[in-house]
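Read off the chains here:
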Amino acid sequence: IIMYTAGRIYNNFYASVTGRMQFTDPDPKSGDGSLDILNLKSTDTGTYQCKVKKAPGVQSQKIQLIVLVKPARTKCSVEGPQEIGKDVILKCTSQEGSPLLSYDWRRVSGTQNLPATSMLNRNTGELLLKNASQDYSGTYHCVASNRVGTDECSVELNVTPRKNTAGIIVGAIIGTLLGLSILAFLVFCYCKKQREKKYEKEVHHDIREDVPPPKSRSSTARSYIGSNRSSLGSMSPSNMEGYTKTPYSQVPSEDFERPPGQNPAFAPSKVAAPNLSRMGAVPVMIPAQSKDGSIV
């Protein structure tokens, strides 16, 4: 890291130590090769060697340097439930500091003495409070130290009565069952409403087959004639062979009977029907209409 030879000093081998390490005597040829380290850092820890060359031989000596760092950024915390009857751990940790670090706890409120059931580990900084009670509540202070310095932190401990776990569980179960019951009731009401709407809709559109429609002589005859005409119009000669053997001779009489005592104004005219059997058609008797509008 630094060298003196031929009346000249060389100290620019490493940038991290340039300007921080120098000979104690500006003229080492007098026999003093002591080294001064300025602004000491933890990274300067290590083994250093001094080597002296002088004819006819060479001698060297090694020395170990340990740079100590005082504790810094010490933090205190509580681990575990702060409830009566539980075990609580107070932790103290220093983020910086050279070994060996030592930790010490003390109480700064109340009796200022640690509880009788407490157990302190000075190397790890943990303070165990077994079977905590409300008397343990208060402010606790931790001091981290080594050979070159100390650092401190504090934490507040508040021991409270145990929570009624059984009551909480029972309450949660009852609340869940009540919520499920309400949900089931709402679903039942909704389904019932939907069934009623569906029933009303079916009743509204239901066709009663047991009630016969009203009869009308004129409408029956017209519908009968129209149906036969539509049948003739939709039939082709190829599919009417079965109908030529059974020609219709007359329109059903029950729909065209005239009430007794009613004299027609004129006799119905007979229309000679051509021989439709050869044509493959079905003969139909078309009723005539009298002057008074009745069908005969």
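For clarity, every value in this text was computed on a predicted model and none was experimentally measured.

1. Considering the overall build of the chain
- Helix and strand counts for the chain stand at 3 helices and 13 strands.
- Counting over 296 residues, the chain shows a buried share of 19%.
- Residue pairs in contact within the chain that sit at least 24 positions apart in sequence constitute 49% of those at least 6 positions apart.
- Carbon and sulfur atoms provide 55% of the accessible area of the chain, an area that totals close to 22,200 Å².

2. Here's the deal with the state of the cysteines
- This model, assessed by the stated rule, comprises 2 disulfides.
- A sulfur-sulfur separation of 1.8 Å characterises the disulfide bridge that pairs Cys 76 with Cys 153. With the S-S dihedral at roughly 70°, the linkage between Cys 76 and Cys 153 falls on the right-handed side. Of the two residues, Cys 76 is situated in strand β7 (residues 72–79) and Cys 153 in strand β13 (residues 149–157); the sequence distance between them amounts to 77 residues.
- With its sulfur 2.1 Å from that of its partner, Cys 92 forms a disulfide with Cys 142. Given an S-S torsion of about -90°, the disulfide between Cys 92 and Cys 142 has left-handed geometry. Placement of Cys 92 in strand β8 (residues 88–96) and of Cys 142 in strand β12 (residues 138–146) is noted, with a sequence separation of 50 residues between them.
- Looking at the chain, its bonded cysteines, counted consecutively from the start of the sequence, adopt the pairing 1-4, 2-3.
- Its sulfur unpaired, Cys 191 is 9.4 Å from the next cysteine sulfur, which belongs to Cys 189.

3. Some words on the nonpolar core
- Membership of the largest hydrophobic core comes to 18 residues, with the highest contact counts inside it found for Leu 90, Trp 105 and Tyr 140.
- Counting residues per element, the ones that place at least two in this core are β8, β9 (102–107), β11 (126–129), β12 and β13.
- For Leu 90, the residues in contact, after removing those within four places along its chain, are Ser 77, Val 78, Trp 105, Gly 125, Glu 126, Leu 127, Leu 129, Tyr 140 and Val 155.

4. Some words on the sheet that holds β7
- Taking strand neighbours across the sheet as the criterion, the 4 strands line up as β7-β8-β11-β10 in an open arrangement whose pairing is antiparallel. Both edges of this open sheet fall to β7 and β10 (118–121), since each of them pairs with a single strand only. Here the average twist between neighbouring strands, direction ignored, is 10°.

5. So, the sheet that holds β9
- With respect to topology, 3 strands assemble into an open sheet ordered β9-β12-β13, the strand pairing being antiparallel. Two strands lie at the open edges of the sheet, namely β9 and β13, each paired on one side alone. Averaged over all pairs of adjacent strands, the angle between strand axes in this sheet comes to 20°, irrespective of strand direction.
- Strand direction decides the pairing type here: β12 and β13, joined by 9 bridges, are antiparallel.

6. Remarks on the environment of Arg 20
- Summarising the element assignment, Arg 20 is placed in the loop between β2 (8–10) and β3 (21–23).
- The sequence separation of Arg 20 and Leu 40 amounts to 20 residues, and the corresponding C-alpha distance is 8.3 Å.
- Each residue touching Arg 20, except ones within four places of it in the same chain, is listed here: Asp 36, Ile 37, Leu 38, Asn 39, Leu 40, Lys 41 and Asp 44.

Calculation criteria
Residues numbered from 1 in each chain as written. Predicted model: local features only at pLDDT ≥ 70, side-chain atom pairs only at ≥ 80, totals over all residues. Heavy atoms only, no water. Helix = DSSP H or I, 4+ residues; strand = E, 2+ residues; numbered from the N terminus. Buried < 20%, exposed > 50% of the residue type's maximum accessible area, 1.4 Å probe, protein only. Contact = heavy atoms within 4.5 Å. Areas by Shrake-Rupley, 256 points an atom, 1.4 Å probe, with all protein chains shown as cover. Disulfide = S-S within 2.5 Å. Core = buried A, V, L, I, M, F, W, Y, C linked by side-chain atoms within 4.5 Å. Pairing = 2+ DSSP bridges. Axes fitted to C-alpha atoms, helices over the stretch in contact; angles between N-to-C directions.

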